[in-house]
Amino acid sequence: MAPKRQSQRAKDALRDKMLFKGKRLLASQGVRKTSVEDIVEASGIAKGSFYRYFDSKEDYFFELVVQLHKEWFEAARRFIVQPGETTVKDRAREFIKF
């Protein structure tokens, strides 16, 4: 019997789950104290699955930083382009305070 293949959607969901769970661990424990074992345990997956998606903890951390930057820039864009009577400069200042 041939091995069961995961759909791309399932692969993306698992990868997103690892990033989400690891983000919380990194925020609470820091990069040095968070191990791959911690990430896979929190995600409920086998350690080998981690290495299907990421070459190392550093690669994982870099991907998480990229994801966080994308989220931050999208939030900034939405905040700054929102309609209103204030200037873009003032909205940018408000976002930074936020």
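Look up a bit, the structure's there.
Every value quoted in this text rests on a predicted model; they were computed, and no experiment measured them.

1. Concerning helix 4 (residues 57–81)
Between the first and last C-alpha of helix 4 there are 36 Å, a value that for 25 residues agrees with the 36 Å anticipated at 1.5 Å per step. Within helix 4, burial applies to Y60, L64, Q67 and A76. Buried positions along helix 4 lie against helix 1 (8–29), helix 2 (36–43), helix 3 (47–53) and helix 5 (88–97). The opening residue of helix 4 is S56, an N-cap whose side-chain oxygen sits 3.3 Å from the backbone nitrogen of E58.

2. Examining the packing of helix 1 against helix 2
Between helix 1 and helix 2, the least distance of the axes is 9 Å, while the angle of their chain directions is 125°. In terms of their interaxial angle, helix 1 and helix 2 are classed as oblique. Relative to helix 2, helix 1 is oriented so that their crossing is right-handed. Seen from helix 1, the contacting residues are K17, M18, K21, G22, L25 and Q29; seen from helix 2, they are D38, I39, A42 and S43. Partitioning the contact of helix 1 with helix 2 into residue classes produces four nonpolar, three polar and three charged.

3. Things to note about the pattern of salt bridges
One pass over the full model with this rule turns up six salt bridges. Here R15 makes a salt bridge to E63, at a shortest N to O gap of 3.5 Å. Placement of R15 in helix 1 and of E63 in helix 4 is noted, with a sequence separation of 48 residues between them. The shortest N-O distance in the salt bridge between E74 and R78 comes to 3.5 Å. Of the two residues, E74 and R78 both sit in helix 4, four residues apart, roughly one turn of that helix. Residue class for E74 comes out partly exposed when judged on its relative accessible area of 31%. What emerges from the salt-bridge pattern is a single network uniting E74, R77 and R78.

4. A look at the packing of helix 4 against helix 5
Helix-helix packing is characterised by the crossing angle of the two axes and by the distance between the axes. Their axes nearest at 9 Å, the elements helix 4 and helix 5 cross at an angle of 140°. As the angle between them shows, helix 4 and helix 5 are arranged oblique. Taken as a pair, helix 4 and helix 5 cross one another with a handedness that is right-handed. Where helix 4 abuts helix 5, its residues W72, A75, A76, F79 and I80 lie against V88, R91, A92, E94 and F95. Tallied by class, the residues present in the contact of helix 4 with helix 5 amount to eight nonpolar, no polar and two charged.

Quick notes on the rules
- Residues numbered from 1 in each chain as written.
- Predicted model: local features only at pLDDT ≥ 70, side-chain atom pairs only at ≥ 80, totals over all residues.
- Heavy atoms only, no water.
- Helix = DSSP H or I, 4+ residues; strand = E, 2+ residues; numbered from the N terminus.
- Expected span 1.5 Å × (residues − 1).
- Buried < 20%, exposed > 50% of the residue type's maximum accessible area, 1.4 Å probe, protein only.
- Contact = heavy atoms within 4.5 Å.
- Polar contact = N/O pair within 3.5 Å; in protein donor to acceptor, adjacent residues only side chain to side chain.
- Axes fitted to C-alpha atoms, helices over the stretch in contact; angles between N-to-C directions.
- Parallel < 35°, antiparallel > 145°, perpendicular 65-115°, else oblique.
- Left-handed = near helix turned anticlockwise from the far one by under 90°.
- Nonpolar A, V, L, I, M, F, W, Y, C, P; charged D, E, K, R; others polar.
- Salt bridge = Lys/Arg side-chain N within 4 Å of Asp/Glu carboxyl O.

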